[in-house]
Amino acid sequence: MFILDITYVAPVERIDELMDEHVAWLKQGHAAGSFVAWGRKVPRTGGIVLAIGGRAEVEAVAAADPFVTSGAVTVNVIEMAPSFVADGLELLGR
């Protein structure tokens, strides 16, 4: 499992301008089976995406985020090897 740790480096107004494209990217990642959850950080300084797949694939998908390609965010791809997942969340162990 991978955690995409997204951090805003542009003003939130620029983030808002790109939001529709970013959400479309998120939905595309979910439809492809890569993204299993996402949401904003609190306070609103970026976001988190939970992803499954191989490292090269996840890094390539992360690099295609419109936030990333526009230079509005940085993204840190963190790999996690779950030792435990609750019932119903087994796909996070992939």
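Cut-offs used in this document
- Residues numbered from 1 in each chain as written.
- Predicted model: local features only at pLDDT ≥ 70, side-chain atom pairs only at ≥ 80, totals over all residues.
- Heavy atoms only, no water.
- Helix = DSSP H or I, 4+ residues; strand = E, 2+ residues; numbered from the N terminus.
- Expected span 1.5 Å × (residues − 1).
- Bend = angle between axes of the 7 residues up to and from the residue.
- Buried < 20%, exposed > 50% of the residue type's maximum accessible area, 1.4 Å probe, protein only.
- Contact = heavy atoms within 4.5 Å.
- Pairing = 2+ DSSP bridges.
- Axes fitted to C-alpha atoms, helices over the stretch in contact; angles between N-to-C directions.

**Let's talk about helix 1 (residues 12-31)**
Part 1: Between its first and last C-alpha atoms helix 1 spans 27 Å; for 20 residues at 1.5 Å apiece the expected length is 28 Å, and the two agree.
Part 2: Approximately 55° is the largest bend angle found in helix 1, and it occurs at Met-19.
Part 3: Among the residues of helix 1, Ile-15, Leu-18, Met-19, His-22, Trp-25, Leu-26 and Gly-29 are the ones counted as buried.
Part 4: Summarising the contacts, the buried residues of helix 1 are in contact with strand 1 (2-8), strand 2 (35-40), strand 3 (46-51), helix 2 (55-63), helix 3 (66-69) and strand 4 (73-79).
Part 5: At the exit of helix 1 stands Gly-33, carrying a positive phi of roughly 90°.

**Concerning the sheet that holds strand 4**
Part 1: On the basis of which strands lie adjacent, the open sheet formed by 4 strands has the order 2-3-1-4 and antiparallel pairing. Looking at the sheet topology across the chains shown, the edges are occupied by strand 2 and strand 4. With direction set aside, neighbouring strand axes in the sheet form an average angle of 15°.
Part 2: Of the strands in this sheet, strand 1, strand 2, strand 3 and strand 4 are in contact with helix 1, which crosses strand 2 at around 160°.

**Quick look at the pairing of strand 3**
Looking down a regular strand, the side chains alternate between one sheet face and the other.
Part 1: Across 6 bridges, the pairing between strand 1 and strand 3 is antiparallel. Counterpart to Asp-5 in the pairing with strand 3 is Ile-48.
Part 2: Summarising the sheet, strand 2 and strand 3 pair through 5 bridges and their orientation is antiparallel. Paired with Ala-37 across the bridge in strand 3 is Leu-50.
Part 3: Between strand 2 and strand 3, which follow one another and run antiparallel, lie 5 residues.

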